[in-house]
Amino acid sequence: MTARTCSKVACSRDAVATLTYDYADSMVVLGPLSLAHEPHTYDLCAIHADRLSAPRGWQVVRHQVIGEPQGLGGF
């Protein structure tokens with residue numbers, strides 16, 4: 001498997017999380033890096049995953065992998 005990089009412009013760090021928007025429910029979902037790149041999702045590095053914010057009124061759901069520490073890669 002080829003390493004994927006962060007989707008943020010000018011960021012070349014390795015991606016560790018996948019971000020998905022659910023527009024119908026005004027929800028942002030952030031979870032572990034998906035096994036394959038999917039259309040309409042965004043791969044984020046640990047720094048950008050930790051800094052994630054959502055539009056006002058939107059809910060942010062962060063899935064954490066059991067046994068993974070909080071912060072910088074732990075969601």
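Residues numbered from 1 in each chain as written. Predicted model: local features only at pLDDT ≥ 70, side-chain atom pairs only at ≥ 80, totals over all residues. Heavy atoms only, no water.

A. Representation of the side chain of Thr-18 within the structure. With respect to the helices, strands and loops of the structure, Thr-18 is situated in strand β1 (residues 17-22). Taking relative accessible area as the criterion, Thr-18 reaches 8% and is therefore assigned buried. A polar atom in the side chain of Thr-18 sits 3.3 Å from the side chain of Asp-43. In contact with Thr-18, not counting residues within four places along its chain, are Arg-4, Val-29, Leu-30, Gly-31, Pro-32, Leu-33, Ser-34, Thr-41, Tyr-42 and Asp-43. (Helix = DSSP H or I, 4+ residues; strand = E, 2+ residues; numbered from the N terminus. Buried < 20%, exposed > 50% of the residue type's maximum accessible area, 1.4 Å probe, protein only. Polar contact = N/O pair within 3.5 Å; in protein donor to acceptor, adjacent residues only side chain to side chain. Contact = heavy atoms within 4.5 Å.)

B. Seen up close, the pattern of salt bridges. Enumeration according to the criterion identifies 1 salt bridge in this entry. Put simply, Asp-43 and Arg-4 hold a salt bridge, and the shortest N to O gap is 2.7 Å. Taken together, the residues span a long stretch of sequence, with Asp-43 in strand β3 (residues 41-44) and Arg-4 in the segment before β1 at a distance of 39 residues. Asp-43 gets classed as buried once you look at its relative accessible area, which sits at 3%. (Salt bridge = Lys/Arg side-chain N within 4 Å of Asp/Glu carboxyl O.)

C. Representation of the nonpolar core within the structure. Membership of the largest hydrophobic core is limited to 10 residues, which are Cys-6, Cys-11, Ala-17, Leu-19, Val-28, Leu-30, Leu-44, Cys-45, Ala-49 and Leu-52. Those elements giving two or more residues to this core turn out to be β1 and β2 (27-32). Ignoring anything within four residues of it in the chain, the contact list for Cys-6 reads Cys-11, Arg-13, Ala-15, Asp-43, Leu-44, Cys-45 and His-48. (Core = buried A, V, L, I, M, F, W, Y, C linked by side-chain atoms within 4.5 Å.)

D. Representation of the state of the cysteines. A full pass over the atoms with the stated rule returns 0 disulfides. Not engaged in a disulfide, the cysteine Cys-6 finds its nearest cysteine sulfur in Cys-45; these two sulfurs lie 3.9 Å apart. The closest cysteine sulfur to the non-disulfide-bonded Cys-45 is located on Cys-11, 3.8 Å from its own sulfur. (Disulfide = S-S within 2.5 Å.)

E. Spotlight on the sheet that holds strand β4 (residues 59-62). An order of β3-β1-β2-β4 is seen for the 4 strands of this open sheet, with the pairing classed as mixed. Looking at strand neighbours, the two that pair on one side only are β3 and β4, the edges of this open sheet. Here the average twist between neighbouring strands, direction ignored, is 20 degrees. (Pairing = 2+ DSSP bridges. Axes fitted to C-alpha atoms, helices over the stretch in contact; angles between N-to-C directions.)

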